[in-house]
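# Examining the three-dimensional arrangement
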Amino acid sequence: MSKTNESLMQRRTAAVPRGVGQIHPIFAESAKNATVTDVEGREFIDFAGGIAVLNTGHLHPKVIAAVQQQLSKLTHTCFQVLAYEPYVELCEKINARVPGDFAKKTLLVTTGSEAVENAVKIARAATGRAGVIAFTGGYHGRTMMTLSLTGKVNPYSAGMGLMPGGVFRAQYPCELHGVSVDDAIASIERVFKNDAEPRDIAAIIIEPVQGEGGFYVAPKAFMQRLRALCDQHGILLIADEVQTGAGRTGTFFAMQQMGVAADLTTFAKSIAGGFPLAGVCGKAEYMDAIAPGGLGGTYAGSPIACAAALAVMEVFEEEQLLERCKEVGERLVTGLKAIQAKHKSIGEVRALGAMIAMELCEDGDLHKPNAALTGQIVAKARDKGLILLSCGTYGNVLRVLVPLTAEDVLLDKGLAIIAECFDELV
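To keep things clear, this report deals only with the structure shown in the data block. (Residues numbered from 1 in each chain as written. Predicted model: local features only at pLDDT ≥ 70, side-chain atom pairs only at ≥ 80, totals over all residues. Heavy atoms only, no water.)

A count of helical and extended segments in the chain gives 13 helices and 16 strands. Against the globule reference of 22 Å for 426 residues, the chain gives a C-alpha radius of gyration of 21 Å, in line with a compact fold. Dimensions of the chain along its principal axes, counting C-alpha atoms only, are 55 × 55 × 45 Å. Each of the 426 residues in the chain was classed as buried or not, and the buried ones make up 55%. Relative to all contacts within the chain whose residues are 6 or more apart in sequence, the contacts with residues 24 or more apart total 72%. Here the chain has roughly 18,300 Å² of accessible surface; of this, 52% comes from carbon and sulfur atoms. If the 40 positive side-chain charges of the chain are averaged to one point and the 46 negative ones to another, these points end up 3 Å apart. (Helix = DSSP H or I, 4+ residues; strand = E, 2+ residues; numbered from the N terminus. Rg over C-alpha atoms; globule rule 2.2 N^0.38 Å. Buried < 20%, exposed > 50% of the residue type's maximum accessible area, 1.4 Å probe, protein only. Contact = heavy atoms within 4.5 Å. Areas by Shrake-Rupley, 256 points an atom, 1.4 Å probe, with all protein chains shown as cover. Lys, Arg positive; Asp, Glu negative; His and termini not counted. Charge placed at Lys NZ, Arg CZ, Asp CG, Glu CD.)

Have a look at this one:
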């Protein structure tokens, strides 16, 4: 009997915990660049990119060739037992790309959550302090410490009890929703006044562009004031670039557009073109604060993933993907704003590079988030052959994370489908 999405969904329901969500009831069979084909042979345009993992597209030939070559050499030794050059070479390249005019070192791990966990460990060891300040709407992972940092309870930590303490929440600046740069800075000062002295805070962690929170871009002025505040109190600034990194915003790291450098930078997702790899890059003196044995992991920085990441960096150079990112962003934003002009339900179209979002509301009122319409658009777009994602604190934001290698004709087809969905539903 041939496989169907429905039959596989039944098997999934029986075998996989319900806590593992699934946005689309589809089972992928194969993929190429910016399209995915399911088990029933239907092709979809991929505007999700595995949640910002496929900036270089599905199965980029150069990435696959690098992985195949590495497979013929070795797949695993554990870097802490027997080292291998691709790990070191990748760290050298990351050190050169992360913003900051200071000596850097890089740790490689496997997942974004693991990167954030290690960044907090490093900050605590480097400062001798324990507290961390994070922001409303922030997303930093699903492990215990990162759930404390993540500013959204449902669904990520609902029913699990209180997460580890020592984390304090400040406001993320968002002019659209009435939170000014002054308001956000004042909220940090309130933490210092009401909850923890600055000398008890090891780090402040922030996404330069919020991911799950709704693709809100931190104002450059805020980031500069945050940097000054951290310097004043001896607090380390952690830039969580798991989703923004590897070229999604038009620079390889979004902090390159903020005018200041973080002390520690986390990265993951698109860095290895679909293979599991993440890391922390930071000031050498801070990265060396932990003694040998305190950092690492059995699979951390696997040879396969390192080979893939080195190929990804070559692809960015050879195909000028940072320039392409800007072109993709401009083309999509222009198309989405044309749709917005016809529909009051689209409150805002925003982007940094090709990290693009549409915020949906009721009757043009930004104080009335329209999560229902957002879900309907995602479902109808799927029916028409386009894979979209939603996000946002209220689930009312459509986000676009299409591979930067997608052809213009595919981008235009995706835009046409989105336009059809709004015309039919609104």
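It is at 9 Å that the axes of helix α12 (residues 371-383) and helix α13 (residues 408-425) come closest, and there the two elements cross at 125°. By the angle between their axes, α12 is oblique relative to α13. Both α12 and α13 take part in a crossing whose hand is right-handed. Along the contact surface, α12 presents L373, Q376, I377, K380 and A381, while α13 presents I417, C421, F422, E424 and L425. In the contact of α12 with α13, the residues fall into seven nonpolar, one polar and two charged. (Axes fitted to C-alpha atoms, helices over the stretch in contact; angles between N-to-C directions. Parallel < 35°, antiparallel > 145°, perpendicular 65-115°, else oblique. Left-handed = near helix turned anticlockwise from the far one by under 90°. Nonpolar A, V, L, I, M, F, W, Y, C, P; charged D, E, K, R; others polar.)

Attention shifts here to the sheet that holds strand β5 (residues 131-135). Spatially, β4-β10-β9-β8-β7-β5-β6 is the arrangement adopted by the seven strands of the open sheet, whose pairing is mixed. This sheet does not close on itself; its edge strands, each paired only once, are β4 (104-109) and β6 (167-170). Sheet twist, expressed as the average angle between the axes of neighbouring strands with direction ignored, equals 20°. The pairing of strand β7 (residues 201-206) with strand β8 (residues 236-240) spans four bridges and is parallel. Across the sheet, residue I205 finds its bridge partner in β8, namely I238. On top of the sheet, helix α8 (residues 220-233) reaches β5, β7 and β8; it is set at about 170° to β7, its chief contact. (Pairing = 2+ DSSP bridges.)

Moving on, we come to the sheet that holds strand β1 (residues 28-32). In sheet architecture, strand pairing relies on hydrogen bonds along the backbone and comes in two forms, parallel and antiparallel. Pairing within the open sheet is mixed, and its four strands lie in the order β1-β2-β3-β14. Lying at the two open borders of the sheet, with one neighbouring strand each, are β1 and β14 (386-387). Inspection of the sheet shows strand β2 (residues 35-38) paired to strand β3 (residues 43-46) by three bridges, in the antiparallel sense. Following the sheet pairing, T37 is matched in β3 by E43.

This part covers the environment of A268. Along the chain, A268 falls in the loop between β9 (264-267) and β10 (278-283). According to the relative accessible area criterion, A268 is buried, its value standing at 4%. For A268 and A278, which are ten residues apart along the polypeptide, the C-alpha to C-alpha distance reads 3.9 Å. Beyond its immediate chain neighbours, meaning those up to four positions away, A268 contacts T111, G112, V242, L277 and A278.

The topology assignment puts H60 in the loop between α2 (49-52) and α3 (61-71). Beyond its immediate stretch of four places on either side in the chain, H60 contacts V315 and E319.

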